[in-house]
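# Structural overview for review
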Amino acid sequence: MSEEPKKVDRRKFIYAGLGAVAVAAVGAAAYYGTRPPELVTTQTVAQTVTQVQTVTSMALPTSTAVQSVANYPFSDLLARAKEASIDWTQSKGENITMACLDWAGIEDIRVQAAVFTQITGISVLLDRLPEEELRAKLQLDITSGAGVFDCYWLDPMTIATYAKIKGLEPLQQYIDDPKLTDKGWFQYEDLFGPARGMGVNPGDKVLYAIPFSAEPCILTYRNDLVQQYNVKVPDTTDDLVEAAKALHHPDKGYAGILLRGQRGNGQNMWVWPGFLNAFGGRIFDEKWKPVFNGPEGKAALDLYVNLDTNYGPEGIVNWGAAESQLATNEGKVAMNFDFYGRGLFADDPTLGGNPEVKGKWSFAVPPMGPVKRADNFYAWMYAMSSASKHKKATWLWLQWASSREVGLNFQYQYGYGCPRNWIFQNADFKKKWASPQFNNFIDVYTETANKYSNPEFRPRIPEYPEVGDAISIEIQNAIAKTKDTQKALDDAARAVTEIMSKAGYY
Amino acid sequence: MREQRTAYLLLAPTICVLAALLLYPFFYNVYLSVMNYTVGRESSFIGIDNYIEVFLDPTFQNALIVTFLFAAVALSVETLLGLLLAILFNRESKLSRAALMLLLLPLVMTPVVSAATWKILYDPVFGFFNSVLRQLSLGTIDFLGNPVLALPSLVLIDVWQWTPFMTLVIVAGLKALPKSPMESASVDGASNAQTLAFVTLPMLRPYIFVGIVFRLIEVIRVFDIIVATTDGGPGIATQTLNFYAFIMGFRYFHVSYSATLAVLLMLVTLVIAQFAFKMATRASRYE
């Protein structure tokens, strides 16, 4: 008797099919993952930078900044690089890794890195990380001396800590080395003064970082509402209260003002110290004793709590950077005293801006307190690891990334990034950012960044993260009305005294 | 004997790797906890000073209370709700199976993502819940900004995400139970409720305890929800032990203090897990 042919079992057929798909997927990944990147010159726009396009990833976004800023196609960037009297290819073949904050503009930095690779032969790997993870990974890398990252975006408030353990590479030696830096080309002094200042460690006065950005706090306000309610644009802290009162209409969907309430040395303690300084107060005296709970501090916190609780949005006690941007994007607040880019990003639909409030954001310099204007200032910094095995290559990258035209290409797109005076005087840049759409942004920003910004508006000491958090917790308690302002400040002062005592200050 | 030796030899590489990955970090952590290492400062051996300091630290005491409150409430609700859902969906029907599949969706979501989504839902201005409250003219509630409501609001996030886990464990238990005791009870005239209370639940106890033990170990270490929503606030109302250990180590650079908190957290978890295991073992001895 002949045997019946074996029928294909349905289960086995499905398994075989899945197995074939899995093998094909692994094979494709291996194939495309090992192919070298192709060089593609885009043809669609008249003048564009030559982009490096990897076939496995999405096409690198065509940098609209580069398209729009007609002066800087790749050939011009190459020509500009050749003007420097240094050999850009001296570290050819080296690979460096940079850890940076993951946000919308990173794709443009990736394009610039690709151009840098074309010019120097040094490849730059960008490791994009969310902020908390960036901080944790940097701490591990620097404290262990592993040198996984050659360079990074660094929070300048941590420079004092990392400099103390020699985790950061001093940069002045690279700036002064004529083989590595053409000072006339790089123009380090062209970077905004306060931003440069943040790269210097207050302790040993050594330069450890160069600025990626310059971020003062400015007042962003809805010009349509200011006109509608016939409100004076605030110039003083008293004006600010009056304006917030007049513009506070939660029934119509917007609050008077937004000042961050969330606890954190980079949240409400990013905003409140500016007011403290405006009232003539400070965090510490000369002997490092906390004095922010004095009359000036109380007045500053009374103002802050009054604005937030009476004229702020519901839920402000827990609002940080993300909510601040969201509320501005959606036009849910009439005024916002925060990082200067709030109104700019709110105007950009690609960054989440609601078209209904496009063009309605205007800007004012920080309010004047009894003593001075609020002087908040921050700058993300480029820093180099002392454990890097490619220091020269890394310096060439940092120099390139913060150079004029590269910085312009980035700033043009977002209004954020390389803080150079040259950029703000550039005709193309002004054509866009001084246009009626952005109202008075350039004037207010440059005035604030150059005249009122103070890199030491918060003490840049290794203990600051803990000190800042201790104060921020009590500020949040005051906003949440679980403590009155004086008690909150006194409790904060007690906590800070303990921190400083344990740190050996007294 | 020879076979045993071969078995050990074959297991040795795995054991070595596991030992390196598990034991070395643990012992290094203990070592750090008896030093006074803060990044940027000289460190030296200080014995149990860190442990004494921790026990006297009011922030630690607050964190301990917050952690236990969170764990107790979350676990109780998840167990009860999980049991109810398991009994509801323990049927042989396509609808039940489909419902169970849908129930698993929160479980497969990344905890940080689900917490961030809930943060938006809770928001007084942008959130869905307050939008509904406003529609019903009930005003707004600041769920995460109110020191009293913040912790229960976070418990709700944990319950939403992890109740399906308890449901799964209990459903597995229900399916593994023999049918005859229930059938006998039914034949003897017991109602469904009586069968459930006096026959099914006692037999189900070991499975429930297994679920409790697994969840207990996780819920005591709650972290993602805190970071993605309140960051320990308002004030320190939602600052749990694990979160406190994290900020001490990674934000304030007090590595030794953070290691001490981590060791204590581990010991607390071990003790509670041991206790829960004993309860589970006792519960499994039923006739």
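Residues numbered from 1 in each chain as written. Chains lettered and ligands numbered in written order. Predicted model: local features only at pLDDT ≥ 70, side-chain atom pairs only at ≥ 80, totals over all residues.

### Focus on the overall build of chain B
Which entries qualify depends on this criterion: Each helix is a run of H or I in the DSSP string that is no shorter than four residues. Each strand is a run of E no shorter than two, and both are numbered from the N terminus. Put plainly, a residue is buried at 20 or more neighbouring C-beta atoms within 10 Å of its own, exposed at 12 or fewer, and partly exposed in between, counting only other residues' C-beta atoms, which are placed from the backbone.
Of regular secondary structure, chain B possesses 13 helices and 0 strands. Listing each helix as α and each strand as β along chain B from the N terminus yields α-α-α-α-α-α-α-α-α-α-α-α-α. Considered along the principal axes of its C-alpha atoms, chain B spans approximately 75 × 75 × 30 Å. Relative to its 287 residues, chain B shows a buried fraction of 36%.

### Structural notes on the overall build of chain A
The condition is simple: Once C-beta atoms are placed from the backbone, any two residues with those atoms within 7 Å are in contact.
When its secondary structure is counted, chain A shows 22 helices and 11 strands. The 506 residues of chain A split such that 49% are buried. Within chain A, contacts between residues at least 6 apart in sequence are counted, and of these 72% link residues at least 24 apart.

### Regarding the environment of Ala185 of chain B
Residue and element names in this part refer to chain B. Take Ala185: it is sitting in helix H9 (residues 180-187). Distance from Ala185 to Thr195, taken between C-alpha atoms, is 6.3 Å for residues 10 residues apart in sequence. Discounting residues that sit within four places of it in the chain, Ala185 has contacts with Ala190, Thr195 and Val199.

### Looking at the sheet that holds strand S11 (residues 381-384) of chain A
Residue and element names in this part refer to chain A. Which entries qualify depends on this criterion: For two strands to be treated as a pair, DSSP must find no fewer than two bridges joining them. What counts as an axis is a line fitted to C-alpha atoms, over the stretch in contact for a helix, and the angles between N-to-C directions run from 0 to 180 degrees.
Read from one edge of the open sheet, 5 strands run S4-S3-S5-S11-S6, paired in mixed fashion. On the outer flanks of this sheet lie strand S4 (123-129) and strand S6 (209-211), each paired with one strand and no other. Taken pair by pair, the neighbouring strands of this sheet meet at an average axis angle of 25 degrees, ignoring direction. Pairing of strand S3 (residues 95-101) with S4, which is carried by 7 bridges, proceeds in the parallel orientation. The residue of S4 that forms the bridge with Ile96 is Val124. Taken strand by strand, helix H4 (residues 106-120) contacts S3 and S4, and its axis lies near 165 degrees from that of S4.

### Quick look at the domain arrangement of chain A
Residues and elements named next belong to chain A. Using the following cut-off: For every domain, the bounds stem from an assignment made automatically or drawn from a database. By the convention adopted, Pro, Cys, Tyr, Trp, Phe, Met, Ile, Leu, Val and Ala count as nonpolar, Lys, Arg, Asp and Glu as charged, and the other residues, Gly among them, as polar.
Partitioning chain A into domains gives domain 1 (51-214 + 379-425) and domain 2 (216-378 + 451-502). Once you take the C-alpha centre of each, domain 1 and domain 2 turn out to be 30 Å apart. Of the residues lining the interface, 14 residues belong to domain 1; the matching set on domain 2 comes to 14 residues. Of all the elements in the fold, those that place two or more residues in the side of domain 1 that touches domain 2 are helix H6 (159-164) and helix H9 (193-197). Take the side of domain 1 that touches domain 2: its biggest share by element is 4 residues, from H6. Tallied by class, residues from the side of domain 1 that touches domain 2 come to 10 nonpolar, 3 polar and 1 charged.

### Some points on the packing of helix H12 (residues 268-278) of chain A against helix H21 (residues 464-479) of chain A
Residue and element names in this part refer to chain A. Worth spelling out the cut-off: Any angle that falls under 35 degrees is termed roughly parallel, while one over 145 is termed roughly antiparallel, one within 65 to 115 roughly perpendicular, and all others oblique.
At their nearest, the axes of H12 and H21 sit 10 Å apart, and the two run at 85 degrees to each other. Considered as vectors, H12 and H21 are oriented roughly perpendicular to each other. Judged by residue contacts, Asn268, Met269 and Trp272 of H12 engage Gly468, Ile471, Ser472, Ile475 and Gln476 from H21. Among the residues making up the contact of H12 with H21, the classes are represented as 4 nonpolar, 4 polar and no charged.

### A few points about unusual backbone geometry
Glycine aside, the phi torsion of most residues is negative, and most peptide linkages are trans. The peptide bond linking Gly233 of chain B to Pro234 of chain B adopts the cis configuration, its omega dihedral lying at 0 degrees. Mapped onto the fold, Pro234 of chain B is located in the loop between helix H11 (224-228) and helix H12 (241-251). Even without being glycine, Lys166 of chain A reaches a positive phi, approximately 55 degrees. Tracing the chain through its elements places Lys166 of chain A in the loop between H6 and helix H7 (172-176).

### Description of the confidence of the model for chain B
Which entries qualify depends on this criterion: On a range of 0 to 100, pLDDT expresses the predictor's confidence in each residue.
Summarising the model, chain B shows a mean pLDDT of 90, and 98% of its residues fall at 70 or more. Two numbers describe this predicted complex: its pTM, 0.83, and its ipTM, 0.83.

### Some thoughts on the confidence of the model for chain A
Residue and element names in this part refer to chain A. Of the residues in chain A, 89% reach a pLDDT of 70 or more, and the chain-wide mean stands at 86. Averaged over each element, pLDDT in chain A is lowest for strand S2 (residues 51-53) (34) and highest for helix H13 (residues 295-311) (98). Across residues 36-71 the pLDDT falls below 50, and counting only partners more than four positions away or on other chains, this stretch makes 63 contacts in the model.

### A look at the interface of chain B and chain A
Each side of the interface is counted separately: chain B has 23 residues, and chain A has 28 residues. Tallied by class, the residues present in the side of chain B that touches chain A amount to 12 nonpolar, 7 polar and 4 charged.

### Observations regarding the pairing of S11 of chain A
Residues and elements named next belong to chain A. Along S11, one buried face is formed by Met381 and Ala383 and the opposite face, lined by Tyr382 and Met384, is buried too. Taken together, the 4 bridges between strand S5 (residues 151-154) and S11 define a ladder with antiparallel strand orientation. Bridging across to S11, Tyr152 finds its partner in Ala383. Sheet topology note: the S6/S11 ladder contains 3 bridges and is antiparallel. Bridge pairing links Ala209 to Ala383 in S11.

### Quick word on the pairing of S3 of chain A
Bridge analysis of S3 of chain A against S5 of chain A gives 2 bridges, and the strand direction is parallel. By the bridge assignment for S5 of chain A, Ala99 of chain A is matched with Tyr152 of chain A.

### A look at the environment of Asp182 of chain A
Residues and elements named next belong to chain A. Following the sequence through the fold, Asp182 ends up in the loop between H7 and helix H8 (183-186). Exposure remark for Asp182: the 14 C-beta atoms within 10 Å place this residue in the partly exposed category. In this structure, the C-alpha to C-alpha distance between Asp182 and Ala84, residues 98 residues apart in sequence, is 5.7 Å. Excluding anything up to four places from it in sequence, Asp182 contacts Ala84, Ser85 and Ile86.

### Quick look at the environment of Val77 of chain B
Residue placement: Val77 of chain B occurs in helix H3 (residues 58-89). Linking Val77 of chain B and Pro164 of chain B, residues 87 residues apart in sequence, is a C-alpha distance of 12 Å.

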